[in-house]
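Examination of the molecular architecture
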Amino acid sequence: VGPHGEKEGSYFTVKELWSPVQVEALTLTPKGLTMQLSNRYSFTDLRQTRFKWELIKLPGAATPTGKREVVLSGQVQGPEIAAGASKQWQVPIKLNGRAAFNVAHLSAFDGNGQHLWTWSVPNDRDTAQPADAETFPSATTEASAESVKVVSAPFELTFSRDTGFLTDVSKQGR
C-alpha cells in the first residue's frame, strides 16, 4: 500500500499471478474470443465462475471527456473445467462491424461475484484512422553521434543518444 492508502503495482502483480483463473493465448476471431483457460482452484470447478466480455471503443486524443465507450457486452458462465485442469475455450461473440471497437476485455468473477482479473486483446483488424490523421505531416529523423533529432513541422525534438532524454524542443526555430 502506498503512502496515501492506494494500491501499488505489486498488489496488481500478485493479484494477476495468483488468480485462480488463468487465461493464456487470448485471441479475437470472427467467432469470438478464444483462449487457453486454466483452473488453478483446488476444489472448485469453473462452472461456478462467470465471465463478462466487453468490446470497447477507446476515446480519441481530441475527445475532451476521455471516456471509453462500451460498444457491446455480455456474460457467460464458466465452462466445465475441473480443479487443476485446463483446456481450449471460446466465448462466442457475434462480431458485426469489427472496426467499430479497439479492444476486447474479458473479466473473470468467482462464485461470490468477486472480480478476479481482466484480460484484454486489441482488435488487430481495426484499420480505422483518426478523422484528422491526414492533417499531420509525417516525421523525419536526423541522427548524429551525440543525438537524434525528430522533425515534424513545426516542431523539432532532440534526444540524447546516451541517455535517451529529451534535450531540446523548438517550435518554428524558437
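Residues numbered from 1 in each chain as written. Predicted model: local features only at pLDDT ≥ 70, side-chain atom pairs only at ≥ 80, totals over all residues. Heavy atoms only, no water.

Points about the overall build of the protein
A tally of helices and strands in the protein yields one helix and 11 strands. Beginning at the N terminus, the succession of helices and strands in the protein can be written as α-β-β-β-β-β-β-β-β-β-β-β. Relative to its full complement of 174 residues, the protein shows a buried share of 29%. Partitioning the contacts of the protein with sequence separation of at least 6, the portion at a separation of at least 24 is 50%. (Helix = DSSP H or I, 4+ residues; strand = E, 2+ residues; numbered from the N terminus. Buried < 20%, exposed > 50% of the residue type's maximum accessible area, 1.4 Å probe, protein only. Contact = heavy atoms within 4.5 Å.)

Re the sheet that holds strand 2 (residues 32-39)
Ordered in space as 1-2-5, the three strands form an open sheet in which the pairing is antiparallel. Looking along the sheet, the strands with just one partner apiece sit at the ends: strand 1 (21-29) and strand 5 (86-92). Sheet twist, expressed as the average angle between the axes of neighbouring strands with direction ignored, equals 25°. Note: strand 1 against strand 2, seven bridges, orientation antiparallel. By the bridge assignment for strand 2, T27 is matched with T34. (Pairing = 2+ DSSP bridges. Axes fitted to C-alpha atoms, helices over the stretch in contact; angles between N-to-C directions.)

Some words on the environment of T141
Checked against the element boundaries, T141 lands in strand 8 (residues 140-143). Remark: the alpha-carbon pair of T141 and V151, spanning 10 residues in sequence, is separated by 6.1 Å. Beyond its immediate stretch of four places on either side in the chain, T141 contacts K149 and V150.

Quick look at the pairing of strand 7 (residues 115-122)
By the bridge criterion, seven bridges tie strand 6 (residues 103-109) to strand 7 in an arrangement that is antiparallel. The residue of strand 7 that forms the bridge with A108 is W117. In this structure, the hairpin formed by strand 6 and strand 7 is closed by a connection of five residues, where G113 is found at a positive phi of approximately 85°.

What to know about the packing of aromatic side chains
Ring pairs (aromatic) are described by centroid distance and by the angle formed between their planes. A full pass over the atoms with the stated rule returns one aromatic pair. Between F51 and W89, the aromatic rings sit 5.0 Å apart at their centres with planes inclined by 55°, giving tilted as the arrangement. Of this pair, F51 sits in strand 3 (residues 50-57) while W89 sits in strand 5, and the two are 38 residues apart along the sequence. Given the relative accessible area of 0%, F51 is considered buried. The cationic tip of R50 hangs over the ring face of F109; the distance from NZ or CZ to the ring centre is 4.2 Å. (Phe/Tyr/Trp six-rings, centres within 6.5 Å; stacked < 30°, edge-to-face > 60°. Lys NZ or Arg CZ within 6 Å of the ring centre and 35° of its normal.)

Keep in mind that these numbers describe shape and distance, not what the molecule does.
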